[in-house]
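Structural overview for review
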Amino acid sequence: MSQNQMSSVPETIHITEEQARKDIQSLNLINGFLFDSVLVDEEDAKIVIGYILSTTYNRKVEVESVTSQKVFQATDTKYHSIRLDAYVKTSEDKSSLNATIYDIEMEDRSSDKTDLPKRLRYYSALHDTKFLGASTNYGTLPEYVSITISSYDPFSAGDMYYEANTTLTTHPQIAYKDGITHIFLYCKGVPNIKESAHSKKMAEMLKYILSGEKPISPDQGIEDVDKIVSKIKSLPEVTKKYMKQWDREQTIQREAYSNGEKNGIQNITVLFSWLFDNGRGADVEKASKNSEYLSELFEEYDNCHKE
């Protein structure tokens, strides 16, 4: 691109406390910032996650512990680390559920759709390395369930509930027990759970997560979660956290534009669109947190588009 095609570095805009409070009030649980904020307090987190798991499985699930935005670093630092929105352990009581570890994530970026299955594959593999020490029996690995709650349809079938397990494709009647299950809940999907009462509760939960709208006669679970969400939205520390995140994203944007001009790209959107088109959503996520890596990607883009 020629010099006159390049956009100027955008002016830094600082958000006011009043605007931050207003923005926070408009957020719902599908938003990663609000979901993470709701999980900061351990007791609040147990209520929110307990409600999500109990509704998903249509039975009471006692949550043992919740770690919000847990980071798992790869053993070799040149590889991706992972951030889990909610890393959950349930009760050890075998009469409840077989699975003991959950990764619950809110997914609100349709641009991640193509990479989603392979991203979850990587997450589960890296997760296992943290639980399997040297000379440890593989049988000690906990069951692993990822639950992705999405504002977009991850598989374009229009349904509310999707579940993926490893299958012995030549002999589907034989169970292949690797202990991994991936559940995808599409907030706008058509209810497709056979048991009608369960299906109705699931649809109500997903509608609340996406829009904040409660049913006419909400159950106690939604009421409890809504009280927590309302409380979190009014906390001064959450407003400050939102303002800091705003400033951080402004800084990233300025660096991106600056690096983009130096490397001959009009703006960051061009680079990120190219990466997404090539199935490299993970690189976009990494670049948004690492300006040096972003510069490397700009250089790669230019090398790939030299005349």
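As a starting point, this report considers the structure included with it. (Residues numbered from 1 in each chain as written. Predicted model: local features only at pLDDT ≥ 70, side-chain atom pairs only at ≥ 80, totals over all residues. Heavy atoms only, no water.)

**Focus on unusual backbone geometry**
Just so we agree on the cut-off: To qualify as a helix, a DSSP run of H or I must reach at least 4 residues; to qualify as a strand, a run of E must reach at least 2; elements of each kind are numbered from the N terminus. Summary of the burial criterion: residues with accessible area below 20% of their type's maximum are buried, those above 50% are exposed, and those between are partly exposed, where the area comes from a 1.4 Å probe applied to protein chains only.
Look at Asn 58: it is not a glycine, yet its phi comes out positive at around 55°. Following the sequence through the fold, Asn 58 ends up in the loop between helix 3 (42-57) and strand 1 (63-72). Among the residues examined, Asn 58 registers a relative accessible area of 38% and is labelled partly exposed. Of note, the phi angle at Ser 156 is positive, near 60°, even though the residue is not glycine. Residue position: Ser 156 is located in the loop between strand 4 (144-150) and strand 5 (161-165). Classification of Ser 156 by relative accessible area gives exposed; the value is 53%.

**Brief notes about the nonpolar core**
As a reminder, the rule being used: For the purposes of this section, nonpolar cores are sets of buried Ala, Val, Leu, Ile, Met, Phe, Trp, Tyr and Cys residues that join through side-chain atoms within 4.5 Å.
If you look at the biggest cluster of nonpolar residues, it comprises 45 residues, and the most contacted ones within it are Ile 49, Leu 53 and Ile 149. With seven residues, helix 3 is the largest single contributor of residues to this core. Within the second largest apolar cluster, twelve residues are counted, among which are Trp 274, Leu 275, Ala 287 and Phe 298.

**Thoughts on the pattern of salt bridges**
Side chains bearing opposite charge may pair, as long as their charged atoms lie close to each other. To be explicit about the condition: We define a salt bridge as a side-chain nitrogen of Lys or Arg found within 4 Å of a carboxyl oxygen belonging to Asp or Glu.
Inspection of the entire model under this criterion finds ten salt bridges. Residues Lys 241 and Asp 36 are paired through a salt bridge, measuring 3.3 Å at the closest nitrogen-oxygen approach. With Lys 241 in helix 7 (residues 236-262) and Asp 36 in helix 2 (residues 32-38), this pair connects stretches of sequence that are 205 residues apart. Overall, the relative accessible area of 30% leaves Lys 241 in the partly exposed class. Across the salt bridge formed by Asp 44 and Lys 231, the nearest N and O atoms sit 2.7 Å from each other. With Asp 44 in helix 3 and Lys 231 in helix 6 (residues 220-233), this residue pair connects regions lying 187 residues apart in the sequence. For Asp 44, a relative accessible area of 8% corresponds to the buried category. When its relative accessible area of 37% is taken as the criterion, Lys 231 is described as partly exposed. One connected set of salt bridges, linked through shared partners, spans Glu 105, Glu 107 and Arg 119.

**Overview of the packing of aromatic side chains**
Heads up, the condition is: Pairing of aromatic rings covers Phe, Tyr and Trp, the last through its six-membered ring, and needs centres within 6.5 Å; plane angles under 30 degrees mean stacked, over 60 mean edge-to-face, and all others mean tilted.
Counted by the stated rule, this structure contains four aromatic pairs. Note on Tyr 57 and Tyr 102: the rings are 6.2 Å apart at their centroids and 75° apart in plane angle, and the pair reads as edge-to-face. Residue Tyr 57 is found in helix 3, and its partner Tyr 102 is found in strand 3 (residues 101-107); the two are separated by 45 residues along the sequence. On the basis of relative accessible area, Tyr 102 is assigned to the buried category, the value being 0%. Centre to centre, the rings of Phe 155 and Tyr 162 are 5.1 Å apart; their planes meet at 65°, and the pair counts as edge-to-face. Relative accessible area serves as the criterion here: at 39%, Phe 155 is assigned to the partly exposed category.

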